[in-house]
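One-letter residues, chain by chain:
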Amino acid sequence: MSSRATPKVAVLMGGPSAEREVSLSTGRECAAALRDEGFQVIEVDAGPDLPARLSEIKPDVVFNALHGRWGEDGCVQGLLEWMGIPYTHSGVLASSLAMDKERTKQVYRAHGLPVADSILAEKSEVEARHVMAPPYVVKPYNEGSSVGVYIVQEAANAPPKLNEDMPDTLMVEQYVPGRELTTTVMGDRALTVTDIVVDGWYDYHAKYAEGGSYHVVPADIPAEIFDACLDYALRAHDALGCKGLSRTDFRWDDSRGLDGLILLETNTQPGMTPTSLSPEQAEKAGISFGALCRWLVEDASCNR
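Quick word on the side chain of Thr192
Now for step 1: Note on placement: Thr192 falls in strand 9 (residues 189-197).
Now for step 2: Under the relative-accessibility criterion, Thr192 is labelled buried at 8%.
Now for step 3: Not counting chain neighbours up to four residues away, the residues in contact with Thr192 comprise Thr182, Thr183, Thr184, Val217, Pro218, Phe226, Leu230 and Gln281.

Section: the packing of aromatic side chains
One pair of aromatic rings is described through two measures. These are the centre distance and the angle between the planes.
Now for step 1: This model, assessed by the stated rule, comprises 0 aromatic pairs.
Now for step 2: Positioned above the aromatic ring of Trp70, the side-chain terminus of Arg69 is 4.7 Å from the ring centre.

Comments concerning the pairing of strand 3 (residues 61-64)
Now for step 1: Burial of strand 3 is two-sided: the residues Val61 and Phe63 facing one way and the residues Val62 and Asn64 facing the other way are all buried.
Now for step 2: Bridge analysis of strand 1 (residues 8-13) against strand 3 gives 4 bridges, and the strand direction is parallel. In the strand pairing of strand 3, Leu12 is matched with Asn64.

A short note on the sheet that holds strand 6 (residues 150-152)
Now for step 1: The strand order 4-7-5-6 describes an open sheet built from 4 strands, whose pairing is antiparallel. Looking along the sheet, the strands with just one partner apiece sit at the ends: strand 4 (118-122) and strand 6. On average, adjacent strands in this sheet sit at an angle of 25 degrees to one another, irrespective of strand direction.
Now for step 2: With 5 bridges joining them, strand 4 and strand 7 (residues 169-174) adopt antiparallel strand pairing. Within the sheet, the bridge partner assigned to Ser118 lies in strand 7 and is Glu173.

Quick notes on the packing of helix 2 (residues 50-57) against helix 3 (residues 75-83)
Now for step 1: The geometry of helix 2 relative to helix 3 is characterised by a closest axis approach of 11 Å and an angle of 40 degrees between their N-to-C directions. Relative to helix 3, the element helix 2 is oriented oblique. The chirality of how helix 2 crosses helix 3 is right-handed. Contacts between helix 2 and helix 3 involve Leu50, Pro51, Leu54 and Ser55 from the former and Val76, Leu79, Leu80 and Met83 from the latter.
Now for step 2: Across the contact of helix 2 with helix 3, the residue classes break down as 7 nonpolar, 1 polar and no charged.

A few points about the pattern of salt bridges
Now for step 1: Counted according to the given criterion, the structure contains 16 salt bridges.
Now for step 2: Between Asp100 and Arg103 there is a salt bridge, with its nearest N and O atoms 2.8 Å apart.
Now for step 3: Note on Asp100: relative accessible area 10%, which makes it buried.
Now for step 4: For Arg235, the salt bridge goes to Asp231, with nearest N and O atoms at 3.2 Å. Of the two residues, Arg235 and Asp231 are both situated in helix 8 (residues 223-240); the distance of 4 residues between them amounts to about one turn of the helix.
Now for step 5: The exposure class assigned to Arg235 is partly exposed, which follows from its relative accessible area of 31%.
Now for step 6: Residue Asp231 is classed as partly exposed on the basis of its relative accessible area of 36%.
Now for step 7: Three or more residues are tied together by salt bridges with common partners; here these are Glu37, Arg294 and Glu298.

Side note on the pairing of strand 2 (residues 40-45)
Now for step 1: Judged from the 6 bridges that link them, strand 1 and strand 2 form a sheet pairing that is parallel. Pairing of Val9 across the sheet is with Val41, part of strand 2.
Now for step 2: Regarding topology, helix 1 (residues 20-36) serves as the crossover connection from strand 1 to the parallel strand 2, and that connection is right-handed.

Thoughts on the sheet that holds strand 8 (residues 179-186)
Now for step 1: With antiparallel pairing, the 5 strands of this open sheet are ordered in space as 10-9-8-11-12. This sheet does not close on itself; its edge strands, each paired only once, are strand 10 (214-216) and strand 12 (261-267). For this sheet the average axis-to-axis angle between neighbouring strands, irrespective of direction, equals 30 degrees.
Now for step 2: Where strand 11 (residues 245-252) lies against strand 12, 6 bridges are found, and the strand directions are antiparallel. Residue pairing in the sheet places Thr248 in a bridge with Thr266 of strand 12.

About the cut-offs
Residues numbered from 1 in each chain as written. Predicted model: local features only at pLDDT ≥ 70, side-chain atom pairs only at ≥ 80, totals over all residues. Heavy atoms only, no water. Helix = DSSP H or I, 4+ residues; strand = E, 2+ residues; numbered from the N terminus. Buried < 20%, exposed > 50% of the residue type's maximum accessible area, 1.4 Å probe, protein only. Contact = heavy atoms within 4.5 Å. Phe/Tyr/Trp six-rings, centres within 6.5 Å; stacked < 30°, edge-to-face > 60°. Lys NZ or Arg CZ within 6 Å of the ring centre and 35° of its normal. Pairing = 2+ DSSP bridges. Axes fitted to C-alpha atoms, helices over the stretch in contact; angles between N-to-C directions. Parallel < 35°, antiparallel > 145°, perpendicular 65-115°, else oblique. Left-handed = near helix turned anticlockwise from the far one by under 90°. Nonpolar A, V, L, I, M, F, W, Y, C, P; charged D, E, K, R; others polar. Salt bridge = Lys/Arg side-chain N within 4 Å of Asp/Glu carboxyl O. Right-handed = clockwise from strand over helix to strand, strands pointing away.

Structure (structure tokens):
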């Protein structure tokens with residue numbers, strides 16, 4: 001970071017992905033917190049002119065508040081490496097791996113972490129027949145925030161009818177019943193476990209709408225499951241090569257004990273909106289939102 005008295009931080013937000021609105025909310029919250037922490041802050045809506053904007057701004061650090069493709073998949077990380085600007089969160093390879101759900105699962109399996117069975121299939125095939133015995137879940141393999149998730153119930157006679165904007169290649173994954181759990185890793189520390197309580201599926205609305213879900217933090221679950229979530233999240237963070245902050249999501253079928261706990265995915269750019277999980281977990285660990293944002297800036301570097 002520069003030796004100037006007040007470091008200049010460019011907060012990247014928005015961008016062209018399906019998660020643009022979430023990113024704008026994250027970016028505004030983080031920018032406000034960083035100003036309160038004493039940083040010079042410039043908010044940047046990431047577009048095709050991003051290299052020129054950054055050359056003009058000359059920030060000491062980029063705070064990456066982008067979500068989804070281009071901002072979370074290694075693309076903007078590669079640009080920042082090329083320009084030699086320190087940045088927050090994970091680097092090129094970890095971001096790319098974690099954004100691709102199938103490759104994430106390959107890494108999980110290689111490190112002995114439990115996952116649900118899944119396949120990649122063409123959209124036309126998924127709409128034509130059951131490519132897996134129901135119940136199963138259909139989702140893009142490279143988007144987040146539960147964008148475009150379909151649940152095919154056990155009694156479904158027909159395959160799902162998908163929206164036109166779904167990509168050509170999809171992940172079809174065995175449906176795991178039970179509870180939604182999640183754990184944030186901050187550096188080398190797993191913070192706690194949240195039990196996400198929602199009526200139905202933890203979809204985009206449940207994640208971001210006021211009252212869409214409520215969180216039990218720390219989760220009221222058996223110590224064996226709680227400790228496993230902490231252990232698995234930290235192992236996933238390290239196996240993927242994540243830096244800074246990450247959050248790993250789980251499903252837990254409580255009728256099967258530890259055998260019912262599986263990893264869904266690791267988010268290298270966890271949301272930091274008013275309803276987001278990672279800031280809430282940090283607060284429970286005694287870390288204020290401002291302190292969390294400051295820590296991310298102070299942790300920033302190149303060669304991540």
